[in-house]
Amino acid sequence: IQKTHVTKESIFKENVFGDYDITKITFPNVKKGSVIELSYKVDIGRLDVFSIQKQIPIKNFRFVVQNVQSWMEFKQNPNFPLQLIEEEQDKKKLVVYTGKDIPAIEAAPYVNNMNNYKGKIYIKYKNEKEDEKWGQLTNSFNRAYWFGRQLESKPFFKSDIKNLIKDRTDSLAMAKDIYDFVKNRMVYNNRYGLRTYDLKEVYKTKNGDKADINMLLTIILRWAGFEANPMVIGCKHKGEVLFAEIRSFNATVAALQLDDEFYLLDASERFGNFGQIPVDLMNGYGLIIRDDGTSISFPTETKVHSVSRSSISAVLDVTTNAISGTSKSQLTNYLAWEYRAAAKEEDTENIAEVLEAGYDLLTIKNFTEKDLKDIQKPVVITYDFTYEDAIEDINGDLYVAPFLFLGKTENEFKEEKRLYPIDMEYPYVENYSINFEIPEGYKVLSLPKGKKVSFDNEMAALSYICSASNTNIQVGLTVKINYSLIPAEFYGGLQSLFAEYVEITKSKIVLTKT
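Treat the numbers as computed from the prediction; the structure is a model and nothing was measured.

Colleague: Help me get a handle on the overall build of the protein chain, residues and values and all.
Modeller: Scanning the protein chain for helices and strands turns up eight helices and 29 strands. When its C-alpha atoms are laid out on the principal axes, the protein chain stretches across 90 × 80 × 45 Å. Counting every position in the protein chain, which comprises 514 residues, the buried fraction comes to 44%. The contacts of the protein chain with a sequence gap of at least 6 include a subset with a gap of at least 24, amounting to 68%. When the accessible surface of the protein chain is split by element, carbon and sulfur atoms take 47% of a total near 29200 Å².

Below you can see the structure in the form of structure tokens.
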């Protein structure tokens, strides 16, 4: 066996930004079959999490903790536990975990945060009941000057709100008025924020982060007589909330309860609507902090579908093999939010060019948008189009794709096996209704067969129909995803559903001469 030691010249640091550095090591003479041995020391005040999995597989793993304290409890990541063995030790203050053949962490599409599913060992406090931990956390929030104490402020906003709601008798309408007032008054500084330190100053300056704006919304709703409380959330890029710790959270929204229904509100978001929070905050469960010292673990995901509905009228030109027509699309909820956010950066002409760039041989004219600024309404998009070479002539028969330049030509779910839940972000419905005029002198030779696909009690569903009369062909498709997060065990059903979608998109309507 030939051993090669790493010299100091092979170790160097690289500054990423600010105070963050990366230490890099160059291993000399590494070949296929080489064994790399690496040990390092981390000098920090407290190490409470250790990542087991890396980007490469690990043949043998050994985790040793010396000077173990009585308060320490060792836990694995519950989302992705690995086969580790705790070795018995003679010494009470020594803990050793070993493992073999630990797989590499593999990136996958539609994952909220890969770090949620990485093998880890956490070092946490033990001998505490879980309910007691969350109760203590709730009390910490309520006692904090930068949180619960701020909601005890005198109503410095009283004169403005009194005039706003004086003629309102409908509770929901009144709550929406207050939400719109805060949203229109405040300027969001694009920072999340968990804490706020002076709500009166925030109200005066009309500027703040999520905590500032949504704590302000909460205190105004409370003053108006509503059951409103702050809700703390850990965003997707921070990771899933696993433990009752303040640092698990990084954003604050408002939770409004009317009768038995809860509304999650974020008045900092320009394109959000009443009852919507950003997709990045739809991350497992948040914690509603009530002023009586209790708390509610509440889901952040929405159950309301976002809908994309497109209606197309198309005419086939057999002399040029082009198809021309008009398209009208309507976007609701989060699809409308995302479109509005994208449209603010582009003018109408640029958006049409982006659509054209996505499809070869497509020309778009008369592109219009409706209700872009009225966020309470769906976004409506209309345009005229010409799609060149959209008709394939084979021995005098005409072959046409049922969805023209739309639909889905590739299945994103290509993995044979899925390890992680599939994050669809929000429930949605994709609906197409397309009407083709049959050219004079032609009739239908064959149509793609209709299909209905669903799995696990309508977790997701697809419905497709294609029918014809003497003069027209009608194509209809509805794809419905009913959950934001789909467990990995249902991956096969979702994969099959989208495979059907691709097959339908690639199918052909065939016309022949009369």
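Picking up after the structure, the text goes on.
Colleague: So, the sheet that holds strand β18 (residues 362–370): which residues are in play, and what are the values?
Modeller: Judged by pairing direction, the sheet is mixed, and its eight strands sit side by side in the order β18-β19-β17-β16-β23-β27-β26-β25 without closing on themselves. With partners counted over all chains shown, the strands left at the sheet margins are β18 and β25 (451–455), one partner each. Along the sheet, successive strands turn relative to each other by an average axial angle of 10°, direction set aside. Note: strand β16 (residues 306–317) against strand β17 (residues 322–331), 10 bridges, orientation antiparallel. Paired with R309 across the bridge in β17 is Q330. Packed on one face of the sheet, helix α6 (residues 333–343) meets β16, β17, β18 and β19 (379–387) and runs near 75° to β16. Across the sheet, helix α8 (residues 491–506) touches β23 (428–437), β25, β26 (460–468) and β27 (472–481), and the angle it forms with β25 is around 160°.

Colleague: Any chance you could break down the packing of aromatic side chains for me, citing the residues and the numbers?
Modeller: Each aromatic ring pair is specified by the distance between its two centres and by the angle formed by the two planes. Per the counting criterion, the structure on display carries 29 aromatic pairs. Taking the centre distance of 6.4 Å and the plane angle of 45° together, the rings of F50 and F61 count as tilted. Here F50 is found in strand β3 (residues 49–51), whereas its partner F61 is found in strand β4 (residues 58–66), with 11 residues between them in sequence. Residue F61 is classed as buried on the basis of its relative accessible area of 8%. Measuring from ring centre to ring centre gives 6.3 Å for F141 and F249, while their planes differ by 75°; the resulting arrangement is edge-to-face. Of the two residues, F141 sits in helix α1 (residues 130–143) while F249 sits in the loop between β11 (227–233) and β12 (251–258), which places them 108 residues apart along the sequence. The burial state of F141 is the same as that of F249; both residues are buried. Over the ring of F50 we find K54, and its NZ or CZ is 5.9 Å from the ring centre. Over the ring of Y203 we find R185, and its NZ or CZ is 3.7 Å from the ring centre.

Colleague: Before we move on, can you summarise empty space enclosed by the protein with the specific residues and values?
Modeller: Taken as a whole and judged by the stated rule, the model has one cavity of 30 Å³ or more. Broken down by class, the residue content of the lining of the largest cavity amounts to six nonpolar, no polar and one charged.

Colleague: Tell me about the packing of helix α2 (residues 158–165) against helix α3 (residues 171–185), and name the residues and values.
Modeller: Running from N to C, α2 and α3 point in directions that differ by 135°, and their axes come no closer than 10 Å. Put simply, α2 runs oblique to α3. Crossing hand, α2 versus α3: right-handed. Facing D160, I161, L164 and I165 of α2, the residues of α3 in contact are M174, D177, I178, F181 and R185. When the residues that make up the contact of α2 with α3 are grouped by side-chain class, the tally is six nonpolar, no polar and three charged.

Colleague: Tell me what's going on with the pattern of salt bridges, and back it up with residues and numbers.
Modeller: Here the structure, examined in full by the defined rule, presents 18 salt bridges. Note that E152 and R149 form a salt bridge whose closest N and O atoms lie 3.7 Å from each other. Across the salt bridge formed by D374 and K377, the nearest N and O atoms sit 3.9 Å from each other. Overall, the relative accessible area of 41% leaves K377 in the partly exposed class.

Colleague: Go over a nonpolar patch on the surface, please, and point to the residues and values.
Modeller: Together, V6, I11, I25, V30, I36, L38 and Y40 make up an exposed nonpolar region whose accessible area comes to about 630 Å². When its relative accessible area of 32% is taken as the criterion, V6 is described as partly exposed.

Rules used throughout
Residues numbered from 1 in each chain as written. Predicted model: local features only at pLDDT ≥ 70, side-chain atom pairs only at ≥ 80, totals over all residues. Heavy atoms only, no water. Helix = DSSP H or I, 4+ residues; strand = E, 2+ residues; numbered from the N terminus. Buried < 20%, exposed > 50% of the residue type's maximum accessible area, 1.4 Å probe, protein only. Contact = heavy atoms within 4.5 Å. Areas by Shrake-Rupley, 256 points an atom, 1.4 Å probe, with all protein chains shown as cover. Pairing = 2+ DSSP bridges. Axes fitted to C-alpha atoms, helices over the stretch in contact; angles between N-to-C directions. Phe/Tyr/Trp six-rings, centres within 6.5 Å; stacked < 30°, edge-to-face > 60°. Lys NZ or Arg CZ within 6 Å of the ring centre and 35° of its normal. 1 Å grid on protein atoms, 1.4 Å probe; cavity = no way out; pocket = protein on both sides within 12 Å on 5 of 7 lines; lining within 4 Å. Points joined across faces, edges and corners; volume = space filled by probe spheres on them. Nonpolar A, V, L, I, M, F, W, Y, C, P; charged D, E, K, R; others polar. Parallel < 35°, antiparallel > 145°, perpendicular 65-115°, else oblique. Left-handed = near helix turned anticlockwise from the far one by under 90°. Salt bridge = Lys/Arg side-chain N within 4 Å of Asp/Glu carboxyl O. Patch = residues over 30% accessible without salt bridge, like charges linked within 9 Å, V, L, I, M, F, W, Y side chains within 5 Å.

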